[in-house]
Amino acid sequence: MGENLAQLLEPIASQFRALNLPEPLTHWGHPFFMSIVMFAMGGYGAYAGWKGRLLTATDVDAAIKNKTDHKKIMPVMFGFMAIGATGGILSLVIQKHEVMASPHFLTATIVLTFLAINSLISGTGFGGNNPGLRKFHAYFGSTIMGMMVIHALMGLKLGLSF
């Protein structure tokens with residue numbers, strides 16, 4: 001399947017290769033930009049979500065602001081993560097490396113799947129504002145953020161391997 005995907009993306013990859021971009025850009029561009037998405041956007045989004053959750057009882061206005069920030073940034077982060085995954089696969093094809101064979105690909109697939117599940121939970125209004133689903137969303141989101149760190153480490157290992 002990875003070979004089929006590589007063949008499908010080869011015409012695009014060959015156009016990028018023809019640009020003669022600097023090797024560090026083609027090699028480290030994807031991880032550089034994705035680290036910004038994961039740690040800056042994801043980190044702030046997770047922080048805002050937790051702050052909104054924890055301030056609800058003491059500072060309603062601050063809680064609302066943080067929850068609003070969380071609702072704004074996390075869908076954008078998810079979109080960038082999905083686009084970035086496509087960019088990562090294309091980067092491997094550009095560099096003529098095997099696609100879909102690394103632990104980094106596996107962790108990317110898991111993270112995106114879990115983000116989609118967590119998005120569906122919030123998108124359904126937490127099942128009619130179910131406190132259990134709200135709690136699950138928060139802890140599952142934090143787990144996903146932890147998985148993103150593992151994912152980044154797998155990506156670093158992959159990048160250093162070639």
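Up top you'll find the structure we're talking about.
Residues numbered from 1 in each chain as written. Predicted model: local features only at pLDDT ≥ 70, side-chain atom pairs only at ≥ 80, totals over all residues. Heavy atoms only, no water.

**Student:** Looking at this structure, how should I read the overall build of the protein?
**Tutor:** Across its full length, the protein holds 6 helices and 0 strands. Taken from N to C terminus, the helices and strands of the protein fall in the order α-α-α-α-α-α. Seen along its three principal axes, the alpha-carbon backbone of the protein occupies a region of about 55 × 30 × 25 Å. A buried classification covers 36% of the 162 residues belonging to the protein. Long-range contacts, defined as pairs at least 24 residues apart, comprise 75% of the intrachain contacts of the protein with a sequence gap of at least 6. As displayed, the protein offers around 9700 Å² of accessible surface, 71% of which is attributable to carbon and sulfur atoms. Computed over 11 positive and 7 negative side-chain charges, the separation of the two mean positions in the protein equals 11 Å. (Helix = DSSP H or I, 4+ residues; strand = E, 2+ residues; numbered from the N terminus. Buried < 20%, exposed > 50% of the residue type's maximum accessible area, 1.4 Å probe, protein only. Contact = heavy atoms within 4.5 Å. Areas by Shrake-Rupley, 256 points an atom, 1.4 Å probe, with all protein chains shown as cover. Lys, Arg positive; Asp, Glu negative; His and termini not counted. Charge placed at Lys NZ, Arg CZ, Asp CG, Glu CD.)

**Student:** Which parts of the structure should I look at to understand the packing of helix α2 (residues 23-55) against helix α3 (residues 60-94)?
**Tutor:** Helix-helix packing: each pair is described by the crossing angle between the helix axes and the interaxial distance. Here α2 crosses α3 at 160 degrees, and the two axes come no closer than 7 Å. The angle between α2 and α3 falls in the class roughly antiparallel. As α2 packs across α3, the resulting crossing turns out to be left-handed. (Axes fitted to C-alpha atoms, helices over the stretch in contact; angles between N-to-C directions. Parallel < 35°, antiparallel > 145°, perpendicular 65-115°, else oblique. Left-handed = near helix turned anticlockwise from the far one by under 90°.)

**Student:** What exactly am I supposed to notice about the environment of G141 here?
**Tutor:** Here G141 lies in helix α6 (residues 131-160). Residues G141 and A46, 95 residues apart in the sequence, show an inter-C-alpha distance of 7.4 Å. Contacts of G141, omitting those with residues within four sequence positions, involve N118 and F136.

**Student:** Help me understand a positive patch on the surface, please; the structure alone is not making it clear to me.
**Tutor:** Positive charge collects at one region of the surface, where R53, K67, K71, R134 and K135 lie side by side. Going through the elements one at a time, α3 and α6 are the ones with two or more residues in the positive patch. As for its placement among the helices and strands, R53 is situated in helix α2. (Patch = residues over 30% accessible without salt bridge, like charges linked within 9 Å, V, L, I, M, F, W, Y side chains within 5 Å. Salt bridge = Lys/Arg side-chain N within 4 Å of Asp/Glu carboxyl O.)

**Student:** I'm lost on the packing of aromatic side chains in this one. Help?
**Tutor:** For any pair of aromatic rings, the description rests on two quantities: the centre-to-centre distance and the angle between the ring planes. Tallying each qualifying case throughout the model produces 5 aromatic pairs. With 5.0 Å between their ring centres and 80 degrees between their planes, F32 and F33 make a pair best called edge-to-face. Ring centres of Y44 and Y47 lie 6.3 Å apart, and the angle between their planes is 40 degrees; on these two criteria the pair is classed as tilted. Here the residue Y44 and the residue Y47 both occupy positions in helix α2, the gap between them amounting to 3 residues, near one helical turn. (Phe/Tyr/Trp six-rings, centres within 6.5 Å; stacked < 30°, edge-to-face > 60°.)

**Student:** Can you walk me through the packing of helix α4 (residues 103-123) against α6 in this structure?
**Tutor:** Where α4 meets α6, the axes come as close as 9 Å, and the angle between the chain directions of the two elements is 160 degrees. Put simply, α4 runs roughly antiparallel to α6. The chirality of how α4 crosses α6 is left-handed. For the pair α4 and α6, the contacting residues are P103, H104, T107, A108, I110, V111, F114, L115, I117, N118, I121 and S122 in the first and L133, F136, H137, F140, G141, I144, M147, M148, H151, M154, G155 and L158 in the second. Class assignment for the residues of the contact of α4 with α6 results in 16 nonpolar, 8 polar and no charged. (Nonpolar A, V, L, I, M, F, W, Y, C, P; charged D, E, K, R; others polar.)

**Student:** I tried to follow α2 on my own but got confused; where do I start?
**Tutor:** For an α-helix, 3.6 residues make a turn, and residues three or four places apart therefore share a direction. Its 33 residues give α2 an end-to-end C-alpha distance of 47 Å, which sits within 8% of 48 Å, the value for a rise of 1.5 Å per residue. A maximum bend of about 50 degrees is found in α2 at G29, where proline P31 lies one to four positions downstream. (Expected span 1.5 Å × (residues − 1). Bend = angle between axes of the 7 residues up to and from the residue.)

None of this, on its own, says anything about what the molecule does.
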